[in-house]
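Given next are the chains, with one letter for each unit.
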Amino acid sequence: MTKKELRRVEVLSIALSGGLTNKEASEQLSVCVRQLIRIKKKFLQEGAQGLVHGNRGRNPVHAITDEVRGEVVRLFKERYYDFNISHFTEHLNERECISISRSSVSRILKLEGIRSKRSVNKKPKAHRPRQRKESSGMLWQTDASSHKWFGKDGDSEKLAHLKWYGAITLAEEECALNKGAYG
């Protein structure tokens, strides 16, 4: 018996001997009075074993047997090794007459260390991400276009700067100005 069930036996024994009222006993067991009366009735009829849950030690009716698990793994390894999990599940249901859900197949294969073909065949990214610079303002982005980025007239100070260094993006220049590099 669990600690919770042993505690119930102790409290119910005291309550049946008259040491506790139904309300006090129900508060100690964290159940309502109606539930306590039902538990007391079961305890009087069957004793301490009446407090043990009836499904303890039983496998669920819908549990997947070890034979089916083994068959799923064997079929995947031998015959359907190049299928993804969804396609494999469809073939199990249609051709092998094994009625099982996709999530169950996925769980069984995952426990065996078999990964989905999609995750195995994942293509690398087209472009690697650029390494970050140590501090802000170190990255210089250039633009060789002849557009007037700073309005019709243009700011003469910024235009002179652009003629000397090339077309630096406004964001980088502003970042450098905020740090006091051109101050």
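Use the structure listed above.
J.: Give a detailed account of the side chain of Ser 26, specifying residues and quantitative values.
T.: One can find Ser 26 in helix α2 (residues 22–29). Residue Ser 26 is classed as buried on the basis of its relative accessible area of 3%. There is a polar contact of 2.8 Å between the side chain of Ser 26 and the backbone oxygen of Lys 23. Leaving out residues up to four positions away in the same chain, Ser 26 has contacts with Val 31, Cys 32, Val 33 and Leu 36.

J.: Give a description of the packing of aromatic side chains that names residues and reports values.
T.: The full count for this structure, using the stated rule, is three aromatic pairs. Residues Phe 76 and Phe 88 carry aromatic rings whose centres are separated by 5.0 Å and whose planes lie at 70 degrees to one another, so their mutual orientation is edge-to-face. Of this pair, Phe 76 sits in helix α4 (residues 66–78) while Phe 88 is found in helix α5 (residues 85–94), placing the two residues twelve residues apart along the sequence. Here the two residues Phe 76 and Phe 88 agree in accessibility, since each one is buried. For the ring pair Tyr 80 and Phe 83, a centre distance of 5.1 Å and an interplane angle of 55 degrees mean the geometry is tilted.

J.: An account of α5 is requested, with residue identities and associated values reported.
T.: Because an α-helix packs 3.6 residues into every turn, residues spaced three or four apart end up facing the same way. For α5, every residue scored as buried is listed here: Ile 85, Phe 88, Thr 89, His 91 and Leu 92. Projected onto a plane normal to the axis of α5, the buried residues spread over an arc of 165 degrees and lie on a single side. Taken together, the buried residues of α5 touch α4 and α6 (102–111). N-cap assignment for α5: the residue whose side-chain oxygen lies 3.3 Å from the backbone N of Ser 86 is Asn 84.

J.: Tell me about unusual backbone geometry, residues and numbers included.
T.: Phi at Ser 30 takes a positive value of approximately 60 degrees, unusual for a residue other than glycine. If you trace the backbone, Ser 30 turns up in the loop between α2 and α3 (33–46). A relative accessible area of 65% places Ser 30 in the exposed class. If you check the backbone angles, Cys 97 has positive phi at about 55 degrees while not being a glycine. The class of Cys 97 is exposed, set by a relative accessible area of 66%.

J.: Got a sec to walk through the packing of α2 against α3? Specific residues and values, please.
T.: In the contact formed by α2 and α3, the axes pass within 9 Å of each other and the chain directions differ by 95 degrees. Judged on the interaxial angle alone, α3 and α2 are roughly perpendicular. Along its contact with α2, which presents Asn 22, Lys 23, Ala 25, Ser 26 and Leu 29, the element α3 presents Val 33, Leu 36, Ile 37 and Lys 40.

J.: Could you give me a rundown of the pattern of salt bridges, with the residues and numbers involved?
T.: On inspection of all chains with the given rule, the structure shows five salt bridges. With a shortest N-O distance of 2.7 Å, Glu 5 and Arg 56 are connected by a salt bridge. With Glu 5 in helix α1 (residues 3–16) and Arg 56 in the loop between α3 and α4, the pair connects residues that are 51 residues apart, well separated along the chain. Taking relative accessible area as the criterion, Glu 5 reaches 8% and is therefore assigned buried. For Arg 56, a relative accessible area of 43% gives the class partly exposed. Here Glu 71 ties to Arg 74 by a salt bridge, and the two come within 2.6 Å at their closest N and O atoms.

Basis of the calculations
- Residues numbered from 1 in each chain as written.
- Predicted model: local features only at pLDDT ≥ 70, side-chain atom pairs only at ≥ 80, totals over all residues.
- Heavy atoms only, no water.
- Helix = DSSP H or I, 4+ residues; strand = E, 2+ residues; numbered from the N terminus.
- Buried < 20%, exposed > 50% of the residue type's maximum accessible area, 1.4 Å probe, protein only.
- Polar contact = N/O pair within 3.5 Å; in protein donor to acceptor, adjacent residues only side chain to side chain.
- Contact = heavy atoms within 4.5 Å.
- Phe/Tyr/Trp six-rings, centres within 6.5 Å; stacked < 30°, edge-to-face > 60°.
- Arc of directions from axis to C-beta.
- Axes fitted to C-alpha atoms, helices over the stretch in contact; angles between N-to-C directions.
- Parallel < 35°, antiparallel > 145°, perpendicular 65-115°, else oblique.
- Salt bridge = Lys/Arg side-chain N within 4 Å of Asp/Glu carboxyl O.

What is shown is where atoms sit, not what they do.
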